[in-house]
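Geometric and topological summary
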Amino acid sequence: MHIQTPLREDVIGNLQIGSKVLISGTIYTARDAAHMRLAERIDQDKDLPFDLQNQIIYYTGPSPARPNMPIGACGPTTSYRMDVYTPKLLSRGLKATIGKGSRSEIVIEAMKKYRSVYFAATGGAAALLARAVKKSEIIAYEDLGAEAIMRLEIENFPVIVVNDIYGNDLYKEGIAKYTRFIRIQECNHYQRNIHLDNNM
Amino acid sequence: MDTRIEIRASEITEKVAQLCVDANFNVNSDVLNAIKESYTAEVSPVAKEIFTELLENAKIARTCQIPICQDTGVAVVFVEIGEQVEITGGHLYEAIHEGIRRGYKEGFLRKSIVADPLNRVNTGDNTPAIIHTEFIPEGRIKITFMAKGGGCENMSRITMLTPADGREGIMHFVVETVKVARANPCPPIIVGVGIGGTFDYAALLAKKSLLRPLGTQHTNPDTAVLEQEMLERINNLGIGAQGLGGRITALAVHIERYPCHIASLPVAVNIDCHAHRVKTVILGS
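Residues numbered from 1 in each chain as written. Chains lettered and ligands numbered in written order. Predicted model: local features only at pLDDT ≥ 70, side-chain atom pairs only at ≥ 80, totals over all residues. Heavy atoms only, no water.

**Considering the interface of chain A and chain B**
- Counting from both sides, the interface comprises 55 residues of chain A and, opposite them, 57 residues of chain B.
- Taken together, the connections running from chain A to chain B amount to two salt bridges.
- When the shortest N-O distance is used, the salt bridge between Glu56 of chain B and Arg131 of chain A registers 3.5 Å.
- Those elements giving two or more residues to the side of chain A that touches chain B turn out to be α5 (126-130), α6 (170-178) and α7 (184-191) of chain A.
- Element by element, the count of residues in the side of chain A that touches chain B is highest for α6 of chain A, at six residues.
- Of the residues that constitute the side of chain A that touches chain B, the class distribution is 26 nonpolar, 18 polar and eleven charged. (Contact = heavy atoms within 4.5 Å. Salt bridge = Lys/Arg side-chain N within 4 Å of Asp/Glu carboxyl O. Helix = DSSP H or I, 4+ residues; strand = E, 2+ residues; numbered from the N terminus. Nonpolar A, V, L, I, M, F, W, Y, C, P; charged D, E, K, R; others polar.)

**A closer look at the sheet that holds strand β7 (residues 189-197) of chain B**
All names here are of chain B.
- Strand order in the open sheet formed by four strands is β6-β9-β7-β8, with mixed pairing between adjacent strands. Where the open sheet ends on each side, the last strands, each with one partner, are β6 (157-161) and β8 (250-260). Neighbour-to-neighbour, the strand axes of the sheet open up by a mean angle of 15°, direction not taken into account.
- Contacts between helix α7 (residues 199-209) and the sheet are confined to β6, β7, β8 and β9 (265-272), with β7 contributing the most and set at about 145° to the helix. (Pairing = 2+ DSSP bridges. Axes fitted to C-alpha atoms, helices over the stretch in contact; angles between N-to-C directions.)

**Concerning the packing of aromatic side chains**
Residues and elements named next belong to chain A.
- Summed over the entire model, instances satisfying the criterion amount to three aromatic pairs over all chains.
- Centroid distance Tyr28 to Phe50: 4.1 Å. Interplanar angle 20°. Geometry classified as stacked. Here Tyr28 is found in strand β2 (residues 20-29), whereas its partner Phe50 is found in the loop between α2 (32-43) and β3 (56-58), with 22 residues between them in sequence.
- When its relative accessible area of 7% is taken as the criterion, Phe50 is described as buried.
- With 5.1 Å between their ring centres and 70° between their planes, Tyr58 and Phe157 make a pair best called edge-to-face. Residue Tyr58 is found in strand β3, and its partner Phe157 is found in strand β7 (residues 149-163); the two are separated by 99 residues along the sequence.
- Relative accessible area serves as the criterion here: at 0%, Tyr58 is assigned to the buried category.
- On the accessibility criterion, Phe157 (0% relative accessible area) is buried. (Phe/Tyr/Trp six-rings, centres within 6.5 Å; stacked < 30°, edge-to-face > 60°. Buried < 20%, exposed > 50% of the residue type's maximum accessible area, 1.4 Å probe, protein only.)

**Let's talk about the domain arrangement of chain A**
Residues and elements named next belong to chain A.
- Domain annotation of chain A identifies domain 1 (2-168) and domain 2 (170-200).
- Relative to domain 2, the C-alpha centre of domain 1 lies at a distance of 31 Å.
- At the junction of the two partners, domain 1 supplies 13 residues and domain 2 supplies four residues.
- There are one salt bridge connecting domain 1 and domain 2.
- In this structure, the salt-bridge partner of Glu105 is Lys172, at a minimum N-O distance of 2.8 Å.
- On inspection of domain 1 and its partner domain 2, the count reaches three residue pairs in polar contact (both at pLDDT 80 or more).
- Every element with two or more residues in the side of domain 1 that touches domain 2 is listed here: α4 (105-114), β5 (117-120) and β7. (Domains from an automatic or database assignment. Polar contact = N/O pair within 3.5 Å; in protein donor to acceptor, adjacent residues only side chain to side chain.)

**Topic: the confidence of the model for chain A**
All names here are of chain A.
- Of all residues in chain A, 90% have pLDDT values of 70 or greater, and the mean over the chain is 92.
- For the stretch residues 183-187, pLDDT sits under 50, and the model shows seven contacts to residues farther than four places along the chain or on other chains.
- Every residue in residues 189-200 scores below 50 in pLDDT, and together they form 20 contacts with partners more than four places removed in sequence or on other chains. (pLDDT = per-residue confidence, 0-100.)

**Description of the environment of Thr40 of chain B**
Residues and elements named next belong to chain B.
- If you trace the backbone, Thr40 turns up in helix α2 (residues 29-41).
- Separated by eleven residues in sequence, Thr40 and Phe51 have C-alpha atoms that sit 9.6 Å apart.
- Of the polar contacts made by the side chain of Thr40, one reaches the backbone oxygen of Lys36; its length is 3.1 Å.

**Re α6 of chain A**
- Every buried residue of α6 of chain A is accounted for by Leu170, Tyr171, Gly174, Ile175 and Tyr178 of chain A. Buried residues of α6 of chain A fall within an arc of 115° about the axis and therefore sit on the same side. Within α6 of chain A, the exposed residues directed more than 90 degrees away from the buried face are Ala176 and Lys177 of chain A.
- As for α6 of chain A, its buried residues are in contact with β5 and β7 of chain A together with α3 (45-64) of chain B.
- The distance from a side-chain oxygen at the start of α6 of chain A to the backbone nitrogen of Tyr171 of chain A is 2.9 Å, and the residue carrying that oxygen is Asp169 of chain A. (Arc of directions from axis to C-beta.)

**Details of the sheet that holds strand β10 (residues 277-284) of chain B**
Residues and elements named next belong to chain B.
- Ordered by their spatial adjacency, four strands build an open sheet running β4-β2-β5-β10, and the pairing between neighbours is mixed. Single-partner strands in this sheet number two, and they are β4 (130-136) and β10. The sheet shows a mean angle of 15° between the axes of neighbouring strands, taken without regard to direction.
- Note: strand β2 (residues 74-82) against strand β5 (residues 140-148), eight bridges, orientation antiparallel. Following the sheet pairing, Glu80 is matched in β5 by Lys142.
- Those strands touched by helix α4 (residues 92-106) are β2, β4 and β5, and its axis lies near 140° from that of β2.
- Contacts from α7 reach β2, β4 and β5, with the element oriented near 90° to β2.

Spelled out as structure tokens, the structure:
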């Protein structure tokens, strides 16, 4: 299905996990360093360099554009690093984020609360994704280089719905479908002996 | 008899610059083959489509000279230096760094390095590189360049197991590392495992194991079996391409082993994404 920015409430409500969506319109880029600055401004109750209301943020730090090209390679970066800032941005009216990889439970809850969705773009398909970008312009934090905030004009930018506004999660459902439990017994036995620092 | 082989620093710079660009635009045939095979083996339609996208992406990158991935990586450079080699007109490390500066500028590659991990100001030229050197009893220099992405590097882990943990302990740690990482490192991934040595050396072994071409078997039959078993277990996790569910989570598991202390069993897992960018050049005889 096609959707257009700024995002309308009824459009967001109809998005279902696993749906392929082609986005057209304006979106904004921001990753780690830009998020840190945006969150700081929200904490200080200051204005942001752009209005978040009904907008989409794309987690990407594009490679430099060649002369006469609208943008360089621009695939998604891993989203969990932005989790700590995301609820604050959603509270200011942000309606969707694009990245790759799972969001935290806190972010998923915040997406339900603020009626916002999370899309995944294909990580490492950055040359392919660049074709959907027609125009790019740095609008804030130019000193951050690849991490500056850019306004992108996109046409049919391909994403997949990972989290809808109802708390569903495509990663959890997709993986569960293909997990094979052949050696689970063995694994459980050894789990007792090995102390993993990052259990799931 | 003078057996010295002279290699100019400027030649090293030039070759390194070429490697940076080549690695980021041109996917190696071993990776392309692995993705094609994965497409055939995969049963999930969503994952199949991802593989198609990756092949299309590789084609666009090659023809349009645009990076495969916007994260053009931290430059990791492995140098094997012949003992008979004399570098003239400059110094090895500076020659490599100048090559990276040039390659990343001329290739329109992203500069992803900050000068300090806490203050985080970009160096603007993607240096410094991480350089590993090793002497070899020959008259040549072999330079292997790897553009290592941050997303997959972040999902890597290291642990100090006990000798009692053995094979199954290693297996469990590696599989668990991939399980925890899920979609984050851009699967299908390549899993590099270093077993033995010391805390630091295990990590280096893990990274070095990634340099072996995909689709090749380890020369040690016992390691080859372990790699196969690990790959099977990882693919049973069901994570699939981009973590959307599927049978192919990893394209390969590569293991390197090294002697270690009687008390120790270090295990390091270095994950690489499907944008597996490794290129090599040999200078001298």
